[in-house]
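Residues per chain, in single letters:
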Amino acid sequence: MSDAPFDCRIVYYQPCIPPNTGNAIRIAANTGAQLHLIEPLGFTMTDQQVRRAGLDYHEMAHVTVHPDLDTAWDVLQPERVFAFTAHATTFYTDVEYRPGDVLLFGPEPTGLPDEVLDDPHVTEQLRIPMLPDRRSMNLANATSVALYEAWRQQGFAGAV
């Protein structure tokens, strides 16, 4: 395992369900990934459900709220952005993740809108395999699946 910190950025585009974002805060704190939230949010960051799901990890996580996606791109300056969608044909495991990659997830229950999927910053659309006739995974669970694969490929950088 590497001693270098894990460099990956999670972006939630207009998240709606407070506990999912709270769980993402906890995931970010436990992996060292950054969490970026794009407004409008379907809740406030002081929402009881966000705080409860994030437990005492809020102070350990790097969380930034951006007023819109363009502002986030200006801050992140991403080289590669992987947009997660059930409509993609490439599996998330078919990618060689690198430090600085952005994992972009859409709001529950609609997912990323076409204008975001077609954004020029998006370098590839990825999917997490599921059984047929299933709409999607829970947002925090999908984030965990993808983020841990990226971290695994980077030798669990910074982990004990």
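Residues numbered from 1 in each chain as written. Predicted model: local features only at pLDDT ≥ 70, side-chain atom pairs only at ≥ 80, totals over all residues. Heavy atoms only, no water.

1. Digging into the pattern of salt bridges
Tallying each qualifying case throughout the model produces two salt bridges. Taking the shortest distance from any N to any O, the salt bridge between Arg-80 and Asp-101 comes out at 2.7 Å. Taken together, the residues Arg-80 in the loop between helix 3 (69-76) and strand 4 (81-84) and Asp-101 in strand 6 (residues 101-105) connect sequence positions 21 residues apart. Note on Arg-80: relative accessible area 15%, which makes it buried. (Salt bridge = Lys/Arg side-chain N within 4 Å of Asp/Glu carboxyl O. Helix = DSSP H or I, 4+ residues; strand = E, 2+ residues; numbered from the N terminus. Buried < 20%, exposed > 50% of the residue type's maximum accessible area, 1.4 Å probe, protein only.)

2. Regarding the UniProt feature "binding site: S-adenosyl-L-methionine" (unreviewed entry) in the protein chain
Look at the UniProt record and you will see "binding site: S-adenosyl-L-methionine" (unreviewed entry) annotated at Gly-106, Ile-128 and Ser-136. Annotated residues spanning 31 residues; largest pairwise C-alpha distance 13.6 Å, indicating a single compact cluster. Along the chain, the position of Gly-106 falls in the loop between strand 6 and helix 4 (114-117). The contacts of Gly-106, once residues within four sequence positions are left out, are Tyr-13, Gly-111, Leu-112 and Leu-139. With respect to the element layout, Ser-136 can be found in the loop between strand 7 (124-127) and helix 5 (139-153). (UniProt positions renumbered as here; feature names shortened; annotations may be inferred. Contact = heavy atoms within 4.5 Å.)

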